[in-house]
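Spelled out, the chains give:
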Amino acid sequence: MTPEELHHLFPPQVLRDYALVADGARGAVVGPRGAMVWLCAPHWHDDAVFSSLLGGRGLFAVSPTHPFVWGGRYEPGTLVFRHRWTSRGDGTVECRDAMAMPSDPSRAVVLRQVVAAEGDAEVRVVLDLRARFGTRALRQLHRDDEGRWSARTGDLHVRLTGLPDASVSEDGVLVQELRVPAGRHHDLVLEVGTGAPGDPVDPAHAWASTVHTWRSAVPEIANSVAPTEARHSYAVIRGLTSDAGGMAAAATMSLPEHAQRGRSYDYRYAWIRDQCYAGIAMAACGGPYPLFDTLVAFVVQRVLEDGPGLVPAYTVLGQPVPEERSTGLPGYPGGWDVAGNHVRGQFQLDAFGEVLQLLAAAEGAGRLDADGWRAVGVAVAAIEQRWDEPDAGIWEIHDDWWTHSRLECVAGLRSIAQVTAPGEAARFSALADRVLAETSRRCLHADEGRWQRSPTQPGVDAALLRPALHGALPVDDPRSVATLAAVRRDLVEDHHVYRYSPDSMPLGSTEGAFLLCGFLLAEALHARGEEVDAFRFFERNRAACGPAALLSEEWDVQQRQLRGNLPQAFVHAALLSSSVRLGS
């Protein structure tokens, strides 16, 4: 098949129609026509081998040969996705997709199982695998006596099982049409790794191991008002979290937050803040859960290694985030490509406060070890040293004396003071009082008595709702009450919440509503006893998704579409947190 034919058969889809299969080390984005269009290997932050999502080469498609309508769902408590394609008079085809688990850090294993659910299944399978963002075709392509294909692309080794009669185009695209008898299934296994493949993967064993791993890793969330969505969000977080402990903020890069506005970013890295949000949400679910310990250990290690120089984000392996660069990909419609992230050079003060909140939650669950307590001392010392410095803040823009950053530190200091020895608790509380007093002096709106964004930014910010929910000051404190009222007045549209109001421009003109902020407002209303409105915001924001129930960072209120990279881990953490808090 030519590149033109592939792009015609598998054009870009709206983001709400994509699903994700992942194993913690990497993940594949798959569309409604059965094409896996994004996969970076061997790790989240490595170059893509499927780049069609951003207009490049590279995909792995299983698609019915007859006209069809599509549906799909995740198997409960997993990131095993089941496509269901129904044709007029030609039966129903299903395809189970997964990344094999437990994961191998050096090798991605993609499992695809074509199921003839009703009648015979006729599908076309296409593999166009290209390393380095679609620029390196398969080479040394060879089929062995068992019908398995092996090849190289870039520095990677490839093996495909289950497509013995494929034809091969001049530029290395494999194509075969399969017919699966009614009631039967056919397995495809794709391996992509840094070393030569070992023994062939047994599909039956790989599927059984994968389902067992998911079932063991993802608990029921009994104390949630939305237990199905809460469990799904937990599964998403698990799928984004590597065995090294780093949680990718999202599976993708360069998906635009606003068309043609230059708002495309690479979120394939582990943000300390996001990691803390996820851990704190899990602590509220009960447990203890192994995933919680994994998230905490990663944060502790970063704090101990970097101290006051803690950076906002790392690779999921704990390494520095690479500098921004272009990959040469055309980009998703309305955006353009960028790999790497400018956050590597920023200071974000609020992270230290959120670290302390996470470590306090770990101690409350009886999970904080000696290294964790050492990290507490380092984080407190960093706040003592740097709390008066300008920082880039939660929204990672220009340096300022951001109110939110100081209040998160206050919340962290108060949280850790509640679980530590009296002498240290008094010291932590005194520092919290000092930071809060200066923040009140500099950052209270003169006329409204609410928090403003910074001493020079008088507008309100929805992120300012969070510190009170985590103990910076009471939710019924006049400053908290006034801030909640201002957010509802200035930042809400159709029960969705924008992070802040752009200067002299209407809401929605430069970016979508932030789903994180919608869940924060639901929690804030619940804390004030306004249950009906709290559930209105919760329900509206949890519904801002497609069939796969994946949430992105932003939601276009007018067009009802996802915006930005997906799935966004901290939004799923916010859903998990809100669903538990609203049930308390």
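Described below are features of the structure shown in this document. (Residues numbered from 1 in each chain as written. Predicted model: local features only at pLDDT ≥ 70, side-chain atom pairs only at ≥ 80, totals over all residues. Heavy atoms only, no water.)

### Looking at the packing of helix H5 (residues 272-284) against helix H15 (residues 569-581)
Where H5 contacts H15, the axes come no closer than 9 Å and their chain directions differ by 25 degrees. Taken together, the axes of H5 and H15 lie roughly parallel to each other. Relative to H15, the crossing made by H5 is left-handed. Along the contact surface, H5 presents Asp274, Tyr277, Ala278, Ala281, Met282 and Ala284, while H15 presents Phe570, Ala573, Leu576, Ser577 and Val580. Residues that form the contact of H5 with H15 fall into these classes: nine nonpolar, one polar and one charged. (Axes fitted to C-alpha atoms, helices over the stretch in contact; angles between N-to-C directions. Helix = DSSP H or I, 4+ residues; strand = E, 2+ residues; numbered from the N terminus. Parallel < 35°, antiparallel > 145°, perpendicular 65-115°, else oblique. Left-handed = near helix turned anticlockwise from the far one by under 90°. Contact = heavy atoms within 4.5 Å. Nonpolar A, V, L, I, M, F, W, Y, C, P; charged D, E, K, R; others polar.)

### Comments concerning the nonpolar core
Among the nonpolar cores identified, the biggest contains 197 residues, and Phe60 and Leu190 are the most heavily contacted of them. Per-element accounting of this core gives the leading share, nine residues, to helix H13 (residues 515-527). Counting eight residues, the second largest nonpolar core, distinct from the first, contains Ala250, Tyr267, Tyr269 and Trp271. (Core = buried A, V, L, I, M, F, W, Y, C linked by side-chain atoms within 4.5 Å. Buried < 20%, exposed > 50% of the residue type's maximum accessible area, 1.4 Å probe, protein only.)

### Concerning the environment of Arg73
In this fold, Arg73 is placed in strand S6 (residues 69-74). Residues Arg73 and Arg84, spaced eleven residues apart in sequence, show a C-alpha to C-alpha distance of 8.4 Å. Ignoring anything within four residues of it in the chain, the contact list for Arg73 reads Val80, Phe81 and Arg82.

### Some words on the sheet that holds strand S11 (residues 139-143)
Spatially, the eight strands line up as an open sheet ordered S6-S7-S8-S9-S16-S13-S12-S11, and their pairing is antiparallel. Either end of the sheet is taken by a strand with one partner, and the two such strands are S6 and S11. Ignoring strand direction, the axes of neighbouring strands in this sheet form an average angle of 15 degrees. Where S6 and strand S7 (residues 81-86) come together, six bridges link them in antiparallel fashion. Bridging across to S7, Gly71 finds its partner in Arg84. Its contacts with the sheet put helix H3 (residues 203-217) on strand S8 (92-99), strand S9 (107-118) and strand S16 (185-193), and the angle it makes with S8 is roughly 70 degrees. (Pairing = 2+ DSSP bridges.)

These results come straight from atomic positions and should not be treated as a statement about function.
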